[in-house]
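Listed below are the residues making up each chain.
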Amino acid sequence: MDKIRLGTFVVVAVLVVQTVASLVWRADATLTGIALAFNAVAAVSTALFVKRGGRAAWVVGGWCAGFFGWHVVGLGELAGWWTTGLDAAFLLGSSYQLSVVYQAVLATACGFAVHLLLPRRSAPGV
């Protein structure tokens, strides 16, 4: 499996997990709506990316970079490193441990997808 297909698979997995978590968790209607809207737009971007044969990977990589940042902010909020006032957005139910694992796994998956999808330039002479 090439890196673009693997990266696309990771993006789809992240979107599915985030969407299911948003629907099951139901912390706040506004937060749920915003999460679902972002996931829907990212899903459309991913579908267009796949339809175009893997061209313009930077668009999907950009979505993943944004999702990576969101989950890192969530980890920092849960760890007490900073306060954003969005602690309700980062907690899954009332389980602190599950929330930390969820944020860590999704941050890692998003970072991995960015690594796979963004183009690389080889050094001259290599």
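In what follows, the structure referred to is the one given above.
As a starting point, this report considers the structure included with it. (Residues numbered from 1 in each chain as written. Predicted model: local features only at pLDDT ≥ 70, side-chain atom pairs only at ≥ 80, totals over all residues. Heavy atoms only, no water.)

**Re the packing of aromatic side chains**
Counted according to the given criterion, the structure contains four aromatic pairs. Ring geometry for Phe-38 versus Trp-63: centroids 6.1 Å apart, planes at 70°, classification edge-to-face. Residue Phe-38 is found in helix H2 (residues 29–51), and its partner Trp-63 is found in helix H3 (residues 57–79); the two are separated by 25 residues along the sequence. Take Trp-63: its relative accessible area is 22%, and that puts it in the partly exposed class. Of the aromatic side chains, those joined through ring pairs into one cluster are Phe-38, Trp-63 and Phe-67. (Phe/Tyr/Trp six-rings, centres within 6.5 Å; stacked < 30°, edge-to-face > 60°. Helix = DSSP H or I, 4+ residues; strand = E, 2+ residues; numbered from the N terminus. Buried < 20%, exposed > 50% of the residue type's maximum accessible area, 1.4 Å probe, protein only.)

**Looking at H2**
For H2, with 23 residues, the first-to-last C-alpha span of 32 Å sits near the 33 Å given by 1.5 Å per residue. Within H2 the residues assigned to the buried category are Thr-32, Ala-35, Asn-39, Ala-42, Ser-45, Thr-46 and Phe-49. At its buried positions, H2 is contacted by helix H1 (3–25), H3 and helix H5 (96–117). (Expected span 1.5 Å × (residues − 1). Contact = heavy atoms within 4.5 Å.)

**What about the nonpolar core?**
Core analysis: the biggest nonpolar cluster contains 20 residues, and Val-11, Val-14 and Leu-117 have the highest contact counts within it. Those elements giving two or more residues to this core turn out to be H1, H2, H3 and H5. It is H5 that contributes the most residues to this core, seven residues altogether. Excluding residues within four positions of it along the chain, Leu-117 makes contact with Ile-4, Gly-7, Thr-8, Val-11, Phe-49, Ala-57, Val-60 and Gly-61. (Core = buried A, V, L, I, M, F, W, Y, C linked by side-chain atoms within 4.5 Å.)

**Some remarks on a nonpolar patch on the surface**
On the surface, Val-12, Val-16, Val-20, Leu-23 and Val-24 cluster together into a nonpolar patch covering about 430 Å² of accessible area. Within the secondary structure, Leu-23 is located in helix H1. (Patch = residues over 30% accessible without salt bridge, like charges linked within 9 Å, V, L, I, M, F, W, Y side chains within 5 Å. Areas by Shrake-Rupley, 256 points an atom, 1.4 Å probe, with all protein chains shown as cover. Salt bridge = Lys/Arg side-chain N within 4 Å of Asp/Glu carboxyl O.)

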